Amino acid sequence: MKKLAKSLAIVMLIVMSLALLVSCGPNSDPDKALASLKKNEFVAGKATDAFSLGVVQVAIGADNGDITAIVSGSKVAKDDENNTKSDSITIIYFKDGKTANNLWTKIEEYANEKNEDKESDWVIKKSGAMVYFGTKGGVKAAA
């Protein structure tokens, strides 16, 4: 009976850990990420046109067609002490995970340049075929 209880406890721990990992990033569907940002009162948009994607492709050294969409959003709000707090996120969707892996270092450099205020809650991560960067509040809003 003790072995069963230990086994169940381990299985539950693994399941809960996986659920936390899955829920930590933005939505893998650009339209759903955009809808979530708008629902959370972010000024947000999605780019799929060649010109907008091309600007980012040049900045990170990607080839034409490597990026399928970009979702970006920002929000400025006041906290309880009337201090201004801004959150932002940019999600770059690639054609596949291999392309995201190949461009990871260049994107990390690009994202760190965008962190002008040296935000302490700045996040840069890769998940499958997408790379996202921004504040933790922005990441949470895009989930």
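This report concerns the structure included in the present document. (Residues numbered from 1 in each chain as written. Predicted model: local features only at pLDDT ≥ 70, side-chain atom pairs only at ≥ 80, totals over all residues. Heavy atoms only, no water.)

**Describing helix 4 (residues 97-114)**
Bending of helix 4 peaks at approximately 60° at the position of Trp 104. Buried residues along helix 4 sit in contact with helix 3 (50-60), strand 3 (84-94), strand 4 (122-127) and strand 5 (130-135). Capping the start of helix 4 is the job of one residue whose side-chain oxygen sits 3.3 Å from the backbone nitrogen of Lys 98: Asp 96. (Bend = angle between axes of the 7 residues up to and from the residue. Helix = DSSP H or I, 4+ residues; strand = E, 2+ residues; numbered from the N terminus. Contact = heavy atoms within 4.5 Å. Polar contact = N/O pair within 3.5 Å; in protein donor to acceptor, adjacent residues only side chain to side chain.)

**Looking at the packing of helix 3 against helix 4**
Orientation of helix 3 relative to helix 4, taken along the N-to-C sense of each, is 100°, at an axis distance of 9 Å. As far as their axial angle goes, helix 4 and helix 3 are roughly perpendicular. For the pair helix 3 and helix 4, the contacting residues are Val 56, Ala 59 and Ile 60 in the first and Leu 103, Lys 106, Ile 107 and Tyr 110 in the second. Its residues assigned to classes, the contact of helix 3 with helix 4 shows six nonpolar, no polar and one charged. (Axes fitted to C-alpha atoms, helices over the stretch in contact; angles between N-to-C directions. Parallel < 35°, antiparallel > 145°, perpendicular 65-115°, else oblique. Nonpolar A, V, L, I, M, F, W, Y, C, P; charged D, E, K, R; others polar.)

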